[in-house]
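# Working through the structure, step by step
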Amino acid sequence: MTTNAQEFARARGAMPGGVNSPVRAFGSVHETPRFFVAASGPYVTDVEGREYVDLVGSWGPAILGHAHPAVVQAVQDAAAHGLGFGASTPGETELAELIASRVTRDGAHPVERVRLVSTGTEATMTAIRLARGATGRDLIVKFAGHYHGHSDGLLAEAGSGVATLAMPGSAGVPAPIAAQTLVIRYNDLDAVREVFEARGGDIAAVIVEAAPANMGIVPPAHGFNAALADIAHEHGALLILDEVLTGFRVGPAGWYGIDPVPFSPDLITFGKVVGGGLPLAALGGSAALMELLAPLGPVYQAGTLSGNPLAVAAGRTTLDHLDADAYARIDAASSTIAEAAASALSDAGVTHVVQRAGNLFSIQFSAEPPVDYDTVKAQEAFRYPPFFRAMLAQGVSLPPSVFEAWFVSAAHDDTAVGRIVDTLPAAARAAAEAVPD
């Protein structure tokens, strides 16, 4: 039998840092990464045969639980007919129709056409190209701490992995490309108004996480998204709503469907849940806007693996099984875990807040709820690594970064939730005893 340490050593000899995505290296939590070989329901199993209750959920897609029988069967059925054709399939249309039908609120249907792609990065990149093509403008406004994938123009002051690694951005991004992105403070409408007053005629779009989940959870201020839409539209710009994490997770229509103040995004990007665990993402919007994409319009986008039949099958089946009962189970389990975490930390005397966006939540070690990237970074992040390691030692797999959300699935039953709750007091004590590096 191999060990996680042996697998990591071998991986470092074959891949940069031993990983294919930086947060998997467990660097910020000072632990050996786990190499998983199996997963079922709310559990994952590593190469040493140890089982963990999972609160990563493949970073969101495993919303029904790992290896859900219906999803696995759908993928197996699709694979039996071929792994891909490089041509159109009926399943692509079915998934596009399903996405469009779910994203509705008060009779509004902001998604009339859908383009399937392979990753969330590709979805946001395409949305930005489309916005520039539609407006004839170059500048994009984004918010500090929001992560929209790793395309060149969007890594400025991004959250998620960039925050975890304490990087200012990324080498390899040309300055002229970075200069096309204007980065402002989140939840600050005055800053939005100021940047539009100064550069409004040059701004193609504002891109925003619907409810930010890549710097921990930092919910939008009441009416913030609606105000963004109004300001952008007043200046002839578009609003791109990034629902790669929140889409179809926090509700049937994503954050768009539950934001306390209705608003009108022009483009919405989806990922994670929409692919059911396989590489698939999407963007959608009005027919007039989306049909500027090739082959109908002048904005080019293509992908050999876009709409892969296995990924489409996984996505369709996942969405089909995300009914009211599934969301109720996810919401209930999420509330129980979040409340238990808060209680354990309070009992241990640890300063903290638990921030929520629907059934997504995160722990932040600060006295006041963070409202933007600066207040997120000001927390006592040094308390998270020992908290994480104590949970891992007791058989609970958390996101290996304080800047990530916790993901609960419909498969987190009373037994799984109970195991998580039982581990929290020891982890809270470890956080209480932590000292800065």
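The model shown is predicted, which means the values in this text are computed figures rather than measured ones.

### Considerations on the confidence of the model for the protein chain
When pLDDT drops low, the exact placement of atoms in the prediction is not to be read closely. Mean pLDDT for the protein chain: 94, with 96% of residues reaching 70 or above. Ignoring residues within four places in sequence, the model shows residues 159–168, a span with pLDDT below 50, making 21 contacts including any to other chains.

### Digging into the pattern of salt bridges
In total, this model carries eleven salt bridges according to the counting rule given. The residue Arg199 makes a salt bridge to Asp202 at a minimum N-O spacing of 3.4 Å. Of the residues examined, Arg199 reaches a relative accessible area of 35% and is grouped as partly exposed. With a relative accessible area of 37%, Asp202 lands in the partly exposed category. Where Arg329 meets Asp325, a salt bridge forms, and the shortest distance between an N and an O atom there is 2.2 Å. Linking Arg329 with Asp325, this pair stays in helix α12 (residues 324–347), spanning four residues, or about one helical turn.

### Quick look at the environment of Asp437
Among the structural elements, Asp437 can be located in the segment after α15 (414–433). Note on Asp437: relative accessible area 87%, which makes it exposed. Spatially, the C-alpha atom of Asp437 lies 7.1 Å from that of Phe382, the residues being 55 residues apart in sequence.

### Quick look at the pairing of strand β5 (residues 139–143)
Working note: regular strand, side chains alternate between the two faces of the sheet. Counting buried positions over the five residues of β5 gives five, a clear majority of the element. Neither face of β5 is exposed, since Leu139, Val141 and Phe143 on one face and Ile140 and Lys142 on the opposite face are all buried. Pairing of β5 with strand β6 (residues 181–184) involves four bridges; the strand directions are parallel. The partner of Ile140 across the bridge, within β6, is Thr181.

### Observations concerning helix α4 (residues 120–135)
The terminal C-alpha atoms of α4 lie 23 Å apart, and with 16 residues this matches the ideal 22 Å at 1.5 Å per residue to within 8%. The set of residues buried in α4 consists of Thr121, Glu122, Ala123, Thr124, Thr126, Ala127, Ile128, Leu130 and Ala131.

Thresholds applied
- Residue positions are counted from 1 within each chain, in the order its sequence is given.
- For this predicted model, a pLDDT threshold of at least 70 governs which residues receive local features, and a threshold of 80 or more governs which side-chain atom pairs are given and counted, while totals over whole chains, interfaces and linings are taken from all residues.
- Computation of side-chain values covers all heavy atoms of the structure but excludes hydrogens and water.
- Within a predicted model, pLDDT stands for the predictor's per-residue confidence, ranging from 0 to 100.
- It only takes one pair of heavy atoms within 4.5 Å for two residues to be counted as in contact.
- Salt bridges, as used here, are contacts in which a Lys or Arg side-chain nitrogen is within 4 Å of a carboxyl oxygen on Asp or Glu.
- Partly exposed residues are those whose accessible area sits between 20% and 50% of the maximum for their type, while under 20% is buried and over 50% is exposed, using a 1.4 Å probe and protein chains only.
- The secondary structure listing takes helices from DSSP runs of H or I that are at least 4 residues long and strands from runs of E that are at least 2 residues long, numbered from the N terminus.
- Only when DSSP finds a minimum of two bridges between them are two strands counted as paired.
- Here the expected length of a helix is defined as 1.5 Å per residue gap, with one fewer gap than residues.

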